[in-house]
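Remarks on the overall topology
Each chain, letter by letter, is given below.
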Amino acid sequence: LPVNPAEEYKARVKAALDGHYERVASGAYDGRPERKPKKETTRKKPADLNKPCKAWMEREGWKFERVDTWNSITQRAADLLGMFDYLAFDLTTGTTIGVQMTSKQNMSARRKKLMEDKRLVWVQACGWRVVVVGFDKGTNGRWRETVTVV
């Protein structure tokens, strides 16, 4: 005879409840739901470069706006045109500047990515300056910037 799925389900539920009652009766259950332990991550959290980047642009005398957006589904930031984290405006010269910020160690990869993007030609044809700025911490623990104009 085939096994009735409803009877099978009832048996599983009864076994789960019996196990629960045993844990409660023995004092092993403290009233909180059982949770899976969190996975240990060995990945280091990347440094937040927004603060030193803003300070650098303020020292340059630029007005600026952050133009990357956060995608909550992929848990990643999406840059403006895939290239810029900030859009800066030099009001003394009337120049628009696209700023890509990164760590100093990653500057060459960012520059290469920008150079390969077809939209770089578009923004440069409109008179925009494109800047890659890399940050690292000096021996005194303060942020230092390295700037490359693309």
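These lines cover the structure that appears in this document, whether it is placed above or below. (Residues numbered from 1 in each chain as written. Predicted model: local features only at pLDDT ≥ 70, side-chain atom pairs only at ≥ 80, totals over all residues. Heavy atoms only, no water.)

1. Here's the deal with the overall build of the protein
- If you tally the helices and strands in the protein, you get four helices and seven strands.
- For the protein, the succession of helices and strands along the chain, N to C, is α-α-β-β-β-β-β-α-α-β-β.
- Relative to the compact-globule value of 15 Å for 150 residues, the protein shows a C-alpha radius of gyration of 27 Å, a clear excess of over 25%.
- Along the first, second and third principal axes, the C-alpha set of the protein runs to 85 × 45 × 25 Å.
- Counting all 150 residues of the protein, 25% fall into the buried class.
- A separation of at least 24 residues holds for 49% of the contacts in the protein among residues at least 6 apart in sequence.
- Accessible area for the protein stands at about 11,700 Å²; split by element, carbon and sulfur atoms hold 54% of it. (Helix = DSSP H or I, 4+ residues; strand = E, 2+ residues; numbered from the N terminus. Rg over C-alpha atoms; globule rule 2.2 N^0.38 Å. Buried < 20%, exposed > 50% of the residue type's maximum accessible area, 1.4 Å probe, protein only. Contact = heavy atoms within 4.5 Å. Areas by Shrake-Rupley, 256 points an atom, 1.4 Å probe, with all protein chains shown as cover.)

2. Observations concerning the nonpolar core
- Counting 13 residues, the largest nonpolar core has Cys-53, Trp-56, Met-57 and Val-99 as the members making the most contacts within it.
- Core analysis: the next-biggest nonpolar cluster, separate from the first, contains eleven residues, Met-83, Met-107, Val-123 and Val-150 among them. (Core = buried A, V, L, I, M, F, W, Y, C linked by side-chain atoms within 4.5 Å.)

3. Brief notes about the packing of aromatic side chains
- Across all of its chains, the model carries three aromatic pairs by this definition.
- Judged by centre distance (6.0 Å) and plane angle (80°), the rings of Phe-64 and Tyr-86 are edge-to-face. Taken as a pair, Phe-64 in strand 1 (residues 63-66) and Tyr-86 in strand 4 (residues 86-90) lie far apart in primary sequence, 22 residues in all.
- Tyr-86 gets classed as buried once you look at its relative accessible area, which sits at 1%. (Phe/Tyr/Trp six-rings, centres within 6.5 Å; stacked < 30°, edge-to-face > 60°.)

4. Topic: helix 2 (residues 50-60)
- If you check which residues of helix 2 are buried, you get Asn-50, Pro-52, Cys-53, Trp-56 and Met-57. Taken around the axis of helix 2, the buried residues stretch over an arc of 165°, which confines them to a single face. In helix 2, the exposed residues that point more than 90 degrees away from the buried face are Lys-51, Glu-58 and Arg-59.
- For helix 2, the elements touching its buried residues are strand 1, strand 4, strand 5 (95-103), strand 6 (129-137) and strand 7 (143-149).
- At the C-terminal side of helix 2, Gly-61 shows a positive phi close to 85°. (Arc of directions from axis to C-beta.)

5. Quick look at the environment of Thr-41
- Here Thr-41 lies in the loop between helix 1 (5-26) and helix 2.
- When the C-alpha positions of Thr-41 and Gly-94 are compared, they lie 46 Å apart, and in sequence the two are 53 residues distant.

6. Topic: the environment of Phe-89
- Tracing the backbone shows Phe-89 in strand 4.
- Separated by 32 residues in sequence, Phe-89 and Met-57 place their C-alpha atoms 9.7 Å apart.
- Aside from chain neighbours lying at most four places away, what touches Phe-89 is Trp-62, Lys-63, Thr-95 and Thr-96.

7. Some thoughts on the pairing of strand 7
- By the bridge criterion, seven bridges tie strand 6 to strand 7 in an arrangement that is antiparallel. Within strand 7, the position partnered with Val-133 by the bridge is Val-147.
- Between the end of strand 6 and the start of strand 7, which pair antiparallel, lie five residues, with Gly-141 showing a positive phi angle near 85°. (Pairing = 2+ DSSP bridges.)

8. Observations regarding the pattern of salt bridges
- As enumerated under the stated definition, the model contains six salt bridges in all.
- With a closest N to O distance of 3.8 Å, Glu-7 and Lys-10 form a salt bridge. A residue pair is termed a helical-turn pair when its members lie 3 or 4 positions apart in one helix, as Glu-7 and Lys-10 do in helix 1 at three residues.
- Of the charged contacts, one joins Asp-117 and Arg-119 as a salt bridge, the two residues approaching to 3.2 Å between their closest N and O atoms.
- Owing to a relative accessible area of 16%, Asp-117 belongs among the buried residues under this scheme. (Salt bridge = Lys/Arg side-chain N within 4 Å of Asp/Glu carboxyl O.)

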